[in-house]
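Spelled out, the chains give:
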Amino acid sequence: MATHFDPAAAAQPGSGIFGLPHSPDEAHVVVIPVPFEATTSYGGGTSNGPAALLEASKQVDLFDVETGRPYERGIAMLEAPAELHAWNERAKERALLVIEAGGIESGDAELLSAAKDVNGFSEKLNDHVYRTAKHWLEQGKLVAAVGGDHAISYGIIQAHAEKYPGMGVLHLDAHADLRVAYEGFTWSHASIFYNVAERIPGMKTLVQVGLRDMSENEHRYIENSGGRIHAFFDAVLQQNRFDGLPWNQQVKQIVDKLPQQVYLSFDIDGLDPVLCPNTGTPVPGGLSFPEATALVAGVVRSGRTIVGFDLTEVAPDPEGSEWDANVGARLLYKMIGWMLKSQKA
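None of these values were measured; they are calculated from a predicted model.

What counts as what
- Residues numbered from 1 in each chain as written.
- Predicted model: local features only at pLDDT ≥ 70, side-chain atom pairs only at ≥ 80, totals over all residues.
- Heavy atoms only, no water.
- Pairing = 2+ DSSP bridges.
- Helix = DSSP H or I, 4+ residues; strand = E, 2+ residues; numbered from the N terminus.
- Axes fitted to C-alpha atoms, helices over the stretch in contact; angles between N-to-C directions.
- Contact = heavy atoms within 4.5 Å.
- Expected span 1.5 Å × (residues − 1).
- Buried < 20%, exposed > 50% of the residue type's maximum accessible area, 1.4 Å probe, protein only.
- Salt bridge = Lys/Arg side-chain N within 4 Å of Asp/Glu carboxyl O.

## Let's talk about the sheet that holds strand 7 (residues 261–267)
Consideration 1: Strands sit in the order 2-1-3-8-7-4-5-6 across an open sheet of eight strands; the sheet is parallel. Single-partner strands in this sheet number two, and they are strand 2 (75–77) and strand 6 (229–233). Each adjacent strand pair in this sheet contributes to an overall mean axis angle of 15°, direction not counted.
Consideration 2: When strand 1 (residues 29–34) meets strand 2, the two strands line up parallel, connected through three bridges. The residue of strand 2 that forms the bridge with V29 is I75.
Consideration 3: Sheet contacts for helix 5 (residues 192–199): strand 4 (167–172), strand 5 (203–211) and strand 7; angle to strand 5, the most-contacted strand, approximately 160°.

## Things to note about helix 9 (residues 289–301)
Consideration 1: For helix 9, spanning 13 residues, the distance from its first C-alpha to its last is 18 Å, which sits close to the expected 18 Å at 1.5 Å a residue.
Consideration 2: Within helix 9, burial applies to E291, A292, T293, L295, V296, A297, G298, V299 and V300.
Consideration 3: Immediately downstream of helix 9, the backbone of G303 shows phi near 95°, a positive value.

## As for the pattern of salt bridges
Consideration 1: Counted by the stated rule, this structure contains 12 salt bridges.
Consideration 2: A salt bridge links K134 to E162, with the nearest nitrogen and oxygen atoms 3.7 Å apart. With a gap of 28 residues between them, K134 in helix 3 (residues 109–138) and E162 in helix 4 (residues 153–163) connect regions that are remote in the sequence.
Consideration 3: The shortest N-O distance in the salt bridge between E216 and R220 comes to 3.3 Å. Of this pair, E216 and R220 both sit in helix 6 (residues 216–223), four residues apart, which is roughly one turn of the helix.
Consideration 4: Given the relative accessible area of 60%, E216 is considered exposed.
Consideration 5: Within the structure, one salt-bridge network assembled from shared partners comprises D64, E66, R301 and K334.

## A closer look at helix 4
Consideration 1: Most of helix 4 is tucked away: eight of the 11 residues are buried.
Consideration 2: If you check which residues of helix 4 are buried, you get S153, Y154, G155, I156, I157, A159, H160 and A161.

## Some words on unusual backbone geometry
Consideration 1: Here the residue pair G147 and G148 is connected by a cis peptide bond, since its omega of 20° sits within 30 degrees of zero.
Consideration 2: Positioned with a positive phi, F18 is a non-glycine residue whose angle comes to about 60°.
Consideration 3: For F18, the location among the structural elements is in the segment before strand 1.
Consideration 4: One non-glycine residue, A181, adopts positive backbone phi at about 45°.
Consideration 5: Following the sequence through the fold, A181 ends up in the loop between strand 4 and helix 5.
Consideration 6: Taking the relative accessible area as the measure of exposure, A181 reaches 31% and is therefore partly exposed.

Spelled out as structure tokens, the structure:
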């Protein structure tokens, strides 16, 4: 790190994520921005999430009482290629036709064509994220991604599952995301973990936390997974709390379902929507910020290793408030800190 860098000073103009001076080559942690939200079917704005997180991160104090000084290892966010923004705009335009029609069930040729186009852009996006993550993993970096909607996670999970076969995924979300080709979109944000479960054999276990909005088919898919998917429903977590079970004991029950190597996939709407009011599909309930960070900490304190992560669905307030990005940036720094702390080397 440059000798003149003062972690207690205000972020300098032109500085990187968290106000840091590192290039991706210098950094130990590389963050991939993925401004893509083509299949968002309710609220929008998550494609602006990476830029909002970058800006809000510069207000985060860099010393953390739990994880120490994550910044010292070096953290850098890549720049999103212009083509990603172009794919997003074109895919959103085509997807809108399908979404407004309620899907492709009518069999209308125009809708089928539009859905095919969206799936094509999504496949390009998946390949870009996969290749980018794979490249930096091969450089010995720890790699994370920020979205964008939850569909952006497929490529980075694929890259990590190749490097860490047998890994588990800890998934914080209000939604199970186990729908099959939702609204005709194969790579829908509502289908991310159906695709992961069906297409990525390197993922051994999926542990889902905070679920409180799902279809009966998704619930049945979990029940029929043969133990590959473990769901900790929000209603049960809350009832356990009402019955006096401490959160740290619930965290242990969750973490015990995970293998040694863990990838985190966090949709911000897994939190109480008071913390993320502008996310695409907010649902009452969810975890508090301390509960979420204690869950991440619990993975590390158990002796497990966090190998990578993504943070998705952070959507800035169209009226200009930075609250969602503020919360997201602090969760991002905690996740980075605990991931670094979990590394044995």
